[in-house]
Amino acid sequence: MNKNINWAGFLFITGYHVILLALLPVYFIFFNPSMLLIGLSIGLFVASGLAITAGYHRLFSHSTYKTNKVIEFIMLFFGTLATQGSALRWSYDHRLHHAHIDKDDDPYSVTRGFWHAHILWMFKRETPMDRKQITSDLRKNPLINFQHKYYAWLMVGANLFTTALVWLATGDLFGAFLISWVLRQFFSHHTTWFINSLAHYWGHQNYSTEHTAVDNYILCFLTFGEGYHNYHHTFANDYRNGIKWYHFDPTKWLIWTLSKLGLAKNLRRSSEPRILSLMLKEHKEALVERIKNSFLEKKADTEEKVIKATDALTEKLSELQTLIKEYKKAKKDKLTHPALKKISREIKTLKKSFKKDWKRWRRFSRSIMRLKVKTPQAA
């Protein structure tokens, strides 16, 4: 027997896929799932999925907000239901992923192939969590330690409990087991795994090209907002993944709602000037590259315009960040109202000026990106 294979994980994952393949056709031939069964199964999928994104990911792995023990317990219960390992193990692997993205120590690096990142990494023998400093904060949490110590029993118990409830509600034991447990688990697993694979493979790099993570808008709808993955890897300590009001990020909405109800606090978010500064840096490099590969005659002049325009915007953002820090410090030091009003007025003026320049820069950058570029044959 190959000692490098995680046989328990391999048999569990392949086993339930085989069960689905064998029993789903049988179920749909001889039974009709009720709307109640489908509704309850979807409800469990959403609850367990949000427990992974809002709990395992943004609360435990990244500490992007704080909450109380009741919310932690709920997150751990539904996270256990999702059958993705203990919160401690999940966070350990995820923190390694962020610290060593695309390198050898990244447990699910996409550089080893799409399928390795998606599922095959879990079939390898589980490495010991010997770098205890990685999760030293989580090891102080008794709820997380209890869940980790008894995870296998808790996972089976939580799924048996919810399956029994669905059976009692619908009177359909076969459907409760197959649809609300096994099929729900299948979708929960693969949508999460797509973040490790597809969200490092297909999409846009709006904030950074220094890693493989991409923003994939389709995945946002399947993973409760986790598809804005390029943003997440660039600003990992932000409780949001979708930063615009129209970005589909139910996890962000859940955390924000908890904060408004007094159930979450210390929500961390990256400042807009910092986000825009990084975007400008990335876009400047892309624009310069586009100019160099274009058919333009005066490439040097256009390139200089791009650099000057982006540098001027970056400088304004830097000024804005400084003013915002001054305003926060002044407020903390309880300066007089006129002093605060003066800084506030300067911030508003600078924001208004930046907004105009930003619009001009966007129009200019779009015109550059529309330039025809040389193909390898034409070059």
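Residues numbered from 1 in each chain as written. Predicted model: local features only at pLDDT ≥ 70, side-chain atom pairs only at ≥ 80, totals over all residues. Heavy atoms only, no water.

## Considering the overall build of the protein
Then comes step 1: Along its length, the protein carries 14 helices and two strands.
Then comes step 2: Across the 379 residues that make up the protein, the buried fraction comes to 46%.
Then comes step 3: When the accessible surface of the protein is totalled, it reaches about 21,200 Å², and 64% of it is carbon and sulfur.
Then comes step 4: The centroid of the 55 positive side-chain charges in the protein is displaced by 6 Å from the centroid of its 30 negative side-chain charges. (Helix = DSSP H or I, 4+ residues; strand = E, 2+ residues; numbered from the N terminus. Buried < 20%, exposed > 50% of the residue type's maximum accessible area, 1.4 Å probe, protein only. Areas by Shrake-Rupley, 256 points an atom, 1.4 Å probe, with all protein chains shown as cover. Lys, Arg positive; Asp, Glu negative; His and termini not counted. Charge placed at Lys NZ, Arg CZ, Asp CG, Glu CD.)

## Some words on the nonpolar core
Then comes step 1: With 23 residues, the main nonpolar core has Y56, F60, Y65, M75, L76 and I144 as its most contacted residues.
Then comes step 2: When residues of this core are traced back to their parent elements, those giving at least two are α2 (35-61), α3 (69-81), α4 (87-99) and α11 (250-260).
Then comes step 3: If we skip the residues at most four places from it in the chain, Y65 touches A54, G55, R58, L59, M75, I255, A264, K265, N266 and L267.
Then comes step 4: I13, F123, W181 and L183 belong to the second-largest nonpolar core, a separate cluster that totals 22 residues. (Core = buried A, V, L, I, M, F, W, Y, C linked by side-chain atoms within 4.5 Å. Contact = heavy atoms within 4.5 Å.)

## Some details on the packing of aromatic side chains
Then comes step 1: A complete count under the given rule lists 25 aromatic pairs for this structure.
Then comes step 2: Plain terms: the ring middles of Y27 and F28 are 5.6 Å apart, the flat faces sit at 80° to each other, and that makes the pair edge-to-face.
Then comes step 3: In this structure F28 comes out as partly exposed when scored by relative accessible area, which is 45%.
Then comes step 4: Judged by centre distance (5.6 Å) and plane angle (85°), the ring pair of F31 and F174 falls under edge-to-face. Taken together, the residues F31 in the loop between α1 (7-30) and α2 and F174 in helix α8 (residues 173-196) connect sequence positions 143 residues apart.
Then comes step 5: The exposure class of F31 is partly exposed, given its relative accessible area of 36%.
Then comes step 6: Taking relative accessible area as the criterion, F174 reaches 23% and is therefore assigned partly exposed. (Phe/Tyr/Trp six-rings, centres within 6.5 Å; stacked < 30°, edge-to-face > 60°.)

## Focus: the pattern of salt bridges
Then comes step 1: By the definition in use, this model includes 14 salt bridges.
Then comes step 2: The closest approach of N and O atoms between D238 and R240, which form a salt bridge, is 2.7 Å. Taken as a pair, D238 and R240 share a single burial class, namely buried.
Then comes step 3: Residue E285 pairs with K281 through a salt bridge whose shortest N-O separation is 3.5 Å. Of this pair, E285 and K281 both sit in helix α12 (residues 272-292), separated by four residues, roughly a single helical turn.
Then comes step 4: On the basis of relative accessible area, E285 is assigned to the partly exposed category, the value being 41%.
Then comes step 5: Connected via shared salt-bridge partners are R58, E226 and D249. (Salt bridge = Lys/Arg side-chain N within 4 Å of Asp/Glu carboxyl O.)

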